[in-house]
Amino acid sequence: MMKKHTRVLALGLTCTALLSLATPAMAARQNSSTTPISASGTTSVTIPSDGTLAFSQIGERVKANNLTLKAAEESLKQAKAMDWDDAIDEMEDAIDNLDIQISQLINGSSYQLEAANKALTESLGKVSVSEGTISNLPNVIKNTITVSTLQTLSEYGKIQAESLKASKESLEDQLDDLKEQKQDYQKTLKDTERQIDYAADQTISGAESLYLTILSTQLQLDGLKNNTLASTQRSLKEIELRYQLGQVSKLTLTQVQNGYESLASSITSLENTVSTLYSSLQSLMGDVPTGKLQLLDTPSVTANELSYLNYASDLAKAKEKSYTLYTADRAVEDAEDAMNDARRDEGKNSYQYKMAEYAYQSSIYKKDAAVANFEASFLNLYKAIAPAQTALAAKQSALAYEQQMYAVAEKKYQLGNLSANALQDAKDTLDSAQRDVEAAQLDLFTAYHSYDQAVKLGLVSSSNG
């Protein structure tokens with residue numbers, strides 16, 4: 001019964017602390033102003049009025065302004081405020097008071113009865129008969145009545161003492177339960193705190209991923225606008241001129257025009273996608289989702305940072321930080337406790353114990369599976385870095401080649417051996433190669449950052465497994 005109450009209490013705490021905790025990808029509820037307002041009416045961290053954001057600011061902004069996380073943290077503080085020691089002290093005082101009452105009932109009556117018997121004995125010793133008169137008889141009768149009364153009271157006191165002893169034993173059992181509930185409550189607090197930290201890490205990771213996705217999408221958008229669209233415009237002008245000269249058919253002109261309009265529509269759609277990504281990023285940071293935000297930097301990883309990667313030691317650190325493995329460990333602990341309780345309460349041959357034993361073994365298998373999946377996912381994160389380095393090196397080589405080709409095209413243009421359109425095409429190719437390098441650098445940083453988050457925070461997505 002005690003365990004049942006403890007689990008209900010633990011469940012209640014978890015529900016209280018995490019009721020408002022949404023999934024990391026969900027946006028926080030927003031105020032209409034540019035700075036979130038707390039319950040006290042004061043602002044939290046001021047959001048830059050210029051609508052800018054650096055990659056390094058994401059974690060700080062999420063923790064300070066994401067209202068979902070802040071609500072969960074306040075619920076946890078409320079749970080921590082519960083004073084178990086005060087309740088335990090009160091119950092211990094009640095047990096001490098019962099001890100005093102029991103002692104008074106037993107020892108007090110004994111002392112009085114002993115004194116009364118002594119007085120009766122002494123009064124009997126003084127009894128004498130003289131001339132038909134019994135001396136000291138009133139004292140004997142008085143002491144006899146006192147002894148009889150005290151004997152009755154003593155028996156009644158013993159009955160009361162036994163009743164108080166039963167109450168004391170009940171309170172002692174409740175005290176043991178309360179102390180165990182305190183331990184379980186503290187474990188639940190630790191679990192809840194760990195869960196909130198995990199949710200915060202996931203939310204920050206989600207915001208950082210959005211930041212990187214926006215940069216990557218923006219590169220695609222720039223390529224479409226500055227190269228593909230511009231090139232298509234030049235082609236369209238050329239086809240229009242050739243159509244006027246009668247060199248191409250109306251159908252060819254229509255096809256090129258349709259291609260241009262389709263490309264322009266794709267660009268508009270991609271611009272809307274970027275705006276949506278901005279809004280999602282702003283929501284995760286507790287900002288008003290206007291869809292307008294200026295990203296101040298493109299993060300990158302250095303060769304020195306890559307040189308510190310060590311798979312074996314990094315895996316050990318990641319396991320230590322992993323919330324998934326932490327919960328798997330706790331599940332094994334809980335199953336073992338339930339098995340031990342069943343053996344103690346129901347016996348080793350009971351069906352309750354056998355069921356609990358099977359559940360315990362199942363939890364061990366699940367933990368082993370969780371560890372195996374974690375290791376596989378972590379290995380995939382580690383393996384993703386080398387191909388990203390190779391891809392970047394290849395893009396850098398291609399860029400160097402295109403730089404040489406553009407230099408040749410410029411010379412030809414200056415000598416009159418190359419048209420302006422051909423020179424612009426060469427420039428577009430060079431710009432595209434430059435963006436490919438930037439995209440490859442971003443891919444390498446993304447791979448490294450995912451691995452780094454796994455090491456430092458234990459964040460390993462199952463999709464990597």
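Residues numbered from 1 in each chain as written. Predicted model: local features only at pLDDT ≥ 70, side-chain atom pairs only at ≥ 80, totals over all residues. Heavy atoms only, no water.

Chemist: Looking at this structure, how should I read the overall build of the protein chain?
Modeler: Regarding its fold elements, the protein chain presents 12 helices and 4 strands. Residue burial in the protein chain is summarised as follows: out of 465 residues, 35% are buried. Once local pairs closer than 6 in sequence are excluded, the contacts in the protein chain between residues at least 24 apart make up 79%. Accessible surface, the protein chain as shown: approximately 27,100 Å² in total, 52% of it carbon and sulfur. (Helix = DSSP H or I, 4+ residues; strand = E, 2+ residues; numbered from the N terminus. Buried < 20%, exposed > 50% of the residue type's maximum accessible area, 1.4 Å probe, protein only. Contact = heavy atoms within 4.5 Å. Areas by Shrake-Rupley, 256 points an atom, 1.4 Å probe, with all protein chains shown as cover.)

Chemist: Before we go on, may I ask you to explain the pattern of salt bridges in this structure?
Modeler: On inspection of all chains with the given rule, the structure shows 17 salt bridges. With its nearest N and O atoms 3.3 Å apart, the salt bridge here joins R344 to D345. Members of the salt-bridge network, linked through shared partners, are D99, K168 and E172. (Salt bridge = Lys/Arg side-chain N within 4 Å of Asp/Glu carboxyl O.)

Chemist: Help me understand the confidence of the model for the protein chain in this model?
Modeler: Looking at the protein chain, the pLDDT average stands at 83 and 82% of residues meet or exceed 70. Every residue in residues 1-44 scores below 50 in pLDDT, and together they form 81 contacts with partners more than four places removed in sequence or on other chains. (pLDDT = per-residue confidence, 0-100.)

Chemist: Would you mind going over the nonpolar core with me for this structure?
Modeler: If you look at soluble globular proteins, the nonpolar side chains tend to sit buried side by side. Judged by nonpolar contacts, the single largest core of 58 residues is most densely connected at L53, I58, Y211, L281, L295 and F378. Look past the residues within four positions of Y211 in its chain and what remains in contact with it is L53, A54, F55, I58, L281, L295, L296, D297 and P299. The next biggest cluster of nonpolar side chains, apart from the first, holds 17 residues, and it includes W84, L98, L164 and L175. (Core = buried A, V, L, I, M, F, W, Y, C linked by side-chain atoms within 4.5 Å.)

Chemist: What should I look at first to understand helix α8 (residues 311-321) in this one?
Modeler: Each α-helix turn comprises 3.6 residues. Residues three or four places apart therefore point the same way. Turning to α8, its buried residues are D314, L315 and A318. Along the axis of α8, the buried residues cluster in a sector spanning 105°; they form a single face. Facing away from the buried side of α8 by over 90 degrees, the exposed positions are A312 and E320. For α8, the secondary structure elements touched by its buried residues are α10 (351-383) and α12 (420-457). (Arc of directions from axis to C-beta.)

Chemist: Would you mind showing me how to read the packing of aromatic side chains here?
Modeler: Aromatic ring pairs are described here by two measures, namely the spacing of the ring centres and the angle between the planes. Applying the stated criterion across every chain yields a total of 9 aromatic pairs. Ring centres 5.7 Å apart and planes at 45° place the aromatic pair Y311 and F378 in the tilted group. Here F378 lies in helix α10 and Y311 lies in helix α8, a separation of 67 residues in the sequence. Accessibility expressed as a relative area gives 0% for F378, which makes it buried. Taken together, the ring pairs connect Y311, F378, Y382 and Y451 into an aromatic cluster. (Phe/Tyr/Trp six-rings, centres within 6.5 Å; stacked < 30°, edge-to-face > 60°.)

Chemist: Would you explain the packing of α10 against α12 in this entry?
Modeler: A pair of packed helices is characterised by two quantities: the angle between their axes and the separation of those axes. In contact at an axis separation of 8 Å, α10 and α12 are set at 140° when each is read in the N-to-C sense. If you check the angle between α10 and α12, you find them oblique. Between α10 and α12 lies a crossing of left-handed hand. Here F378, L381 and Y382 of α10 come into contact with α12, specifically with S450, Y451, A454 and V455. (Axes fitted to C-alpha atoms, helices over the stretch in contact; angles between N-to-C directions. Parallel < 35°, antiparallel > 145°, perpendicular 65-115°, else oblique. Left-handed = near helix turned anticlockwise from the far one by under 90°.)

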